[in-house]
Amino acid sequence: MNVVLERIHELRVKHGLTKTAMAEKIGVTPTTVSNWDKQDTMPALSVVERFCDAVGVTISQFFGGMKKSADITSDDVFLNEWRILTDTEKQAVEKVLDAFLGHAEVKENV
């Protein structure tokens, strides 16, 4: 499979966007998005940039998420997942981490 098209599909699904909703957000037809999923066509870089804007990632983050699996560390996976979270989701994760770290400090002081 083409890694660019895989990444588009991954991020579209992660953000809960249908092909039609994604097409509307980036100014292409639903058929175009469907063709990407079938790997029949390849988007222009300008379309990939609009896609990145629509899902809230930079072009560097988009392409940074396409490392070969042998080069990916667990930190890379976490950071890539973090980058595509919404602000609300990030706040929820931060609250969980704060609570966890707070519990860790209490245990150390006991």
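Summary of the structure given here. In this text the structure is predicted, and so the values were computed from the model without any measurement.

## Let's talk about the environment of Leu 11
Alright, step 1. With respect to the helices and strands, the residue Leu 11 is situated in helix H1 (residues 3–14).
Alright, step 2. Contacts of Leu 11, omitting those with residues within four sequence positions, involve Phe 51, Val 55, Val 57, Phe 62 and Ile 84.

## Quick notes on the side chain of Arg 7
Alright, step 1. Note on placement: Arg 7 falls in helix H1.
Alright, step 2. Within the structure, the side chain of Arg 7 is placed 2.9 Å from the backbone oxygen of Phe 62, a separation counted as a polar contact.

## Looking at the pattern of salt bridges
Alright, step 1. Evaluation of the coordinates by the stated rule reveals four salt bridges.
Alright, step 2. Of the charged contacts in the structure, one is a salt bridge between Lys 38 and Asp 40, with a shortest N-O distance of 3.9 Å.
Alright, step 3. Classification of Lys 38 as exposed rests on a relative accessible area of 51%.
Alright, step 4. Bridged by salt links that share partners, the residues Arg 12, Lys 19 and Asp 37 form one connected network.

## So, helix H2 (residues 19–26)
Alright, step 1. If you check which residues of H2 are buried, you get Met 22, Ala 23 and Ile 26. The buried side chains of H2 occupy one side of the element, clustering within an arc of 100° when seen end-on.
Alright, step 2. Where H2 is buried, its residues touch H1, helix H3 (30–37) and helix H4 (45–55).

Thresholds applied
Residues numbered from 1 in each chain as written. Predicted model: local features only at pLDDT ≥ 70, side-chain atom pairs only at ≥ 80, totals over all residues. Heavy atoms only, no water. Helix = DSSP H or I, 4+ residues; strand = E, 2+ residues; numbered from the N terminus. Contact = heavy atoms within 4.5 Å. Polar contact = N/O pair within 3.5 Å; in protein donor to acceptor, adjacent residues only side chain to side chain. Salt bridge = Lys/Arg side-chain N within 4 Å of Asp/Glu carboxyl O. Buried < 20%, exposed > 50% of the residue type's maximum accessible area, 1.4 Å probe, protein only. Arc of directions from axis to C-beta.

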